Amino acid sequence: MKKGQTSIALSCWRLDKAGRTAVFASFESGTPCLVHFGATLPAQEDLSLLARLTLPNTAGGQLDPLTSLSLMPTAIEGWQGHPGLNLLGADGQSATPDLTLSEAVEKDASLTFMLSDRLDRVSLTLAIDLNDAGLLSLKATATPHAGSRIGWLCAGAVPVPDRLTRILDHGGRWTGEFQKQERGFATGQYVRESREGRTGHAHFPGATFLATDCSETSGECLGVSLAWSGGHRMIAEEIPDGRRQVQFGVADDSVRDQLVSSPTVCLAWSNDGLNGLSAAFHELGRRFSRSKLKDRAVPRPVHYNCWEAIYFRHSPEELKQIASRAAELGAERFVLDDGWFKGRNDDTTSLGDWSIDNNKFPDGLAPLIDHVQSLGMLFGIWFEPEMVNLDSDLARAHPDWLQGPDGQPAGRQQHVLDLSKSEVRNYLFDQISAILSDHAIDYIKWDHNRILTGGTPGQTVALYRLLERLEAAFPDVEIESCSSGGGRIDFGILNRTTRVWLSDSNDALERLRMQHEASRWIAPEIQGSHVGPRTCHTSGRVLPMAFRAWVAAQRHMGFEMDPRELTDDEAVTLKRVTAWFKGNRDFLFSARHHRLDSRDGEVHAEMFASAGDDGDDRFVLFHGQAGASGQIATRPYRLAGLRSEALYDIRLLNPQDLPRTLNQTVSSPFSKGESVRLSGAALMAGALRLPNAFPATMLVVEGQTVRPGVQT
Ligand code: DGJ
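The rules we used
- Residues numbered from 1 in each chain as written.
- Predicted model: local features only at pLDDT ≥ 70, side-chain atom pairs only at ≥ 80, totals over all residues.
- Heavy atoms only, no water.
- Pairing = 2+ DSSP bridges.
- Helix = DSSP H or I, 4+ residues; strand = E, 2+ residues; numbered from the N terminus.
- Axes fitted to C-alpha atoms, helices over the stretch in contact; angles between N-to-C directions.
- Contact = heavy atoms within 4.5 Å.
- pLDDT = per-residue confidence, 0-100.
- 1 Å grid on protein atoms, 1.4 Å probe; cavity = no way out; pocket = protein on both sides within 12 Å on 5 of 7 lines; lining within 4 Å.
- Points joined across faces, edges and corners; volume = space filled by probe spheres on them.
- Parallel < 35°, antiparallel > 145°, perpendicular 65-115°, else oblique.
- Nonpolar A, V, L, I, M, F, W, Y, C, P; charged D, E, K, R; others polar.
- Buried < 20%, exposed > 50% of the residue type's maximum accessible area, 1.4 Å probe, protein only.
- Right-handed = clockwise from strand over helix to strand, strands pointing away.
- Near = heavy atom within 4 Å.
- Polar contact = N/O pair within 3.5 Å; in protein donor to acceptor, adjacent residues only side chain to side chain.
- Salt bridge = Lys/Arg side-chain N within 4 Å of Asp/Glu carboxyl O.

In this structure, what is going on with the sheet that holds strand 26 (residues 443–446)? I would like to understand it.
Paired through backbone hydrogen bonds, the strands of a sheet run either parallel or antiparallel to each other. Sheet architecture is closed into a barrel: eight strands sit in the order 21-22-23-26-27-28-29-30, paired in parallel fashion. Strand-to-strand twist of the sheet, defined as the mean angle between neighbouring strand axes without regard to direction, takes the value 30°. Bridge count for strand 27 (residues 478–481) against strand 28 (residues 499–501) is two bridges, and the pairing is parallel. For Ser481, the partnering residue across the bridge sits in strand 28 and is Val500. Strands strand 21 (303–305), strand 22 (333–336) and strand 30 (556–559) of the sheet are contacted by helix 4 (residues 316–329), whose axis makes an angle of about 145° with strand 22.

Help me understand the sheet that holds strand 33 (residues 618–625) in this model?
With antiparallel pairing, six strands are arranged side by side in an open sheet as 31-32-33-36-34-35. If you trace the sheet from one side to the other, it starts and ends with strand 31 (592–595) and strand 35 (676–679), each paired once. Each adjacent strand pair in this sheet contributes to an overall mean axis angle of 25°, direction not counted. Against the sheet, helix 11 (residues 545–553) touches strand 33 and strand 36 (697–705), its axis set at about 50° to strand 36.

How should the confidence of the model for the protein chain be read in this particular structure?
Do not read the predicted coordinates in detail wherever pLDDT is low. A residue-level look at the protein chain finds 97% of positions with pLDDT of 70 or above and a mean pLDDT of 95. Scored below 50 in pLDDT, residues 1–6 shows five contacts in the model against residues more than four places distant or in partner chains.

What am I meant to see in empty space enclosed by the protein here?
Gaps left between atoms are located by rolling a probe of water-molecule size over the structure's atoms. Counted according to the given criterion, the structure contains seven cavities of 30 Å³ or more. Size it by volume and the largest cavity reaches roughly 100 Å³. Every residue lining the largest cavity is listed: Lys292, Leu293, Lys294, Leu467, Glu471, Pro475, Val477, Glu478, Ile479, Arg496, Thr497 and Thr498. Of all the secondary structure elements, the ones that give two or more residues to the lining of the largest cavity are helix 2 (274–293), helix 8 (457–473) and strand 27.

So what exactly am I meant to see when it comes to the packing of helix 4 against helix 12 (residues 568–588) here?
Helix-helix packing is characterised by the crossing angle of the two axes and by the distance between the axes. For the pair helix 4 and helix 12, the least separation of the axes is 9 Å and the interaxial angle reads 60°. When the interaxial angle is binned, helix 4 and helix 12 end up oblique. On helix 12, the residues that touch Arg325, Glu328 and Leu329 of helix 4 are Ala571, Leu574, Lys575 and Thr578. Taken together, the residues of the contact of helix 4 with helix 12 break down into three nonpolar, one polar and three charged.

Looking at this structure, how should I read the pairing of strand 29 (residues 527–531)?
Where a strand is regular, its side chains alternate between the two sheet faces. Where burial is concerned, most of strand 29 is hidden: five out of the five residues are buried. Where burial is concerned, the two faces of strand 29 agree: the one with Gln527, Ser529 and Val531 and the one with Gly528 and His530 are both buried. Here strand 28 runs beside strand 29; their pairing, made up of two bridges, is parallel. Within the sheet, the bridge partner assigned to Trp501 lies in strand 29 and is Gly528. Between strand 28 and its parallel partner strand 29, the chain crosses via helix 10 (residues 508–518), and the hand of that crossover is right-handed. Bridge count between strand 29 and strand 30: four bridges; the pairing is parallel.

Quick question: what am I supposed to make of the site of the ligand here?
In the vicinity of the ligand, 13 residues are found, and the nearest of them are Asp337, Asp338, Lys445, Asp447 and Asp504. Arg412 places a side-chain nitrogen or oxygen 2.8 Å from an oxygen atom of the ligand. Asp447 has a polar side-chain atom sitting 2.7 Å from a nitrogen atom of the ligand. Among the residues forming the shell around the ligand, the class breakdown is four nonpolar, three polar and six charged.

Help me out: how do you make sense of the pattern of salt bridges in this one?
Close approach of charged atoms allows side chains of opposite charge to pair. Tallying each qualifying case throughout the model produces 53 salt bridges. Close ionic contact of Glu283 with Arg290 constitutes a salt bridge, the shortest N to O distance being 2.9 Å. Notably, a salt bridge pairs Arg396 with Asp391, separated by 3.0 Å at the nearest N-O pair. By relative accessible area, Arg396 is classed as exposed at 51%. Bridged by salt links that share partners, the residues Asp132, Glu283, Arg287 and Arg290 form one connected network.

Given below as structure tokens:
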């Protein structure tokens, strides 16, 4: 709009699906803006008025006029914050793109905007989609022209409404992933960046923006996550006039003279608290998994993974003994971890040489696999395809296949293969295919144990292509994403795998917190969780078997200890909880998951609730008591996701895990395992008070609606 002009040429579009409306507007044929993403708006809503109301007021000391934040903000629009696209002209100087909308294509609930630069230095496509889970996705593709080059390209700048004042995201580390951090918006940028060439333990690529009063179960929030497994950057910014944006894109310092595509950024909005966002992101992950798991006879079989039992000490006889014991305990899939391939006796050697170690397995893997299958278990195997040890036949034959600069440091004694070379991808495909074709293997644990030096987006794209090629060739083989635990967890990798190894920590106390936090984004069943050795190998803690088993049973359950170390009592407990997991996993992993607002920092409470046919509703509540509470009385919390008018029969499933000394004088019916009947309304109002529990206890409460005519 020119100074003094009173009417604005304006085009508006709206997408409606799943109780959400997204409105976009282009002022004067400029780059469209996201005007509204949230609750469904009435059909008669005046979209151009809504769009005009996003125009900020002008005042002294500013450019005039001020424009609304566009999906690809630039200085020429008057935007003083971080631009959405960095362009270098043919002269190598920074150039300001001057974008104009040349075409908008609307189809079902998707939009494609085509933009060109008035000086023809770049063209841009913005692809937008609103899906039936209420997720809005944005993706940008830019093509440089006439010698210009592209640096930063965000997937689409998202306005963060004023009322969403807080930012919640996650830091973390190896064995301590998903550490929650919170801050308020203030003038300036909050930048989160992974320069690791992978997602990173400390860098889940997502952030949530919350209203001051938003909790797990109520209030408004916006969740944004980049579906990308390489280096990534988030810029959340408040500019001095008070407006805010968030941009996500690939962290890449290079400038490119060819087409550049951003990964997709996914947005969810909720007025029902943070759980509302999680429901949309869980659905995204579940859809990815469902498309791969298809008609699996046993969904999410209980894993046994041998890593912390034997590390590199592979002997067929010992592995068979372990497998037999694991099967007795309830394992349904045996995963042979690192150590099975040629010369791999420690982590200094052999990555890249993916043939079976004849010294350890003189008759190959077949006898072990036959044994595992005779026990009724499936068989899975570990690979770390992207990596190579210098002490390997592969590195000796192809020193030029290494990724990154010469002289770079090793990480865990290993280097990275340059997957952008087709011969490297072909080699890996052939090596993995040979193992899969010759053996009854239905599962790969795909590991990635080092930070990249100078990792490029091409490496990530090449990984995706390799995974897709393997999936096409072996559609019945599932793949788990592991990267020293949770170093590669994001919706890019989840589109190509079915499970993530959340952390190398099998410490149930650490896991309780991590799993709870990870559930903001990742559906419970996609998170692998194992019962580890009695003395935890990464923390030295010794925790009760009941607690370790229940923490694993909240997610995709597995075992990773040497099962021969279990006492009889421990074995009985583990069998009991495993049997419960098997009987309930179909329910757990199709139910809606809710984190509960606990006012006790030592309690992590969450529940799974589902509405069945004919009012036949169920829930399972996990009350995880981490440490000793600050107060004597347990703090009741409100349950979520129930029908107010329904009556539920409720009982504590594991009263045997209560401390008798603390509760012997208490008249709580739960202490005695009795069933009580309460309405959904009462439960959601905070009526449930559980008995006191010792630290490192999981209380499990089951609820079931009362069928008409059934009396207690
Ligand atoms: C790191 C993984 O996170 C572990 O679970 C295990 O697979 C080791 N690598 C094997 O080297």
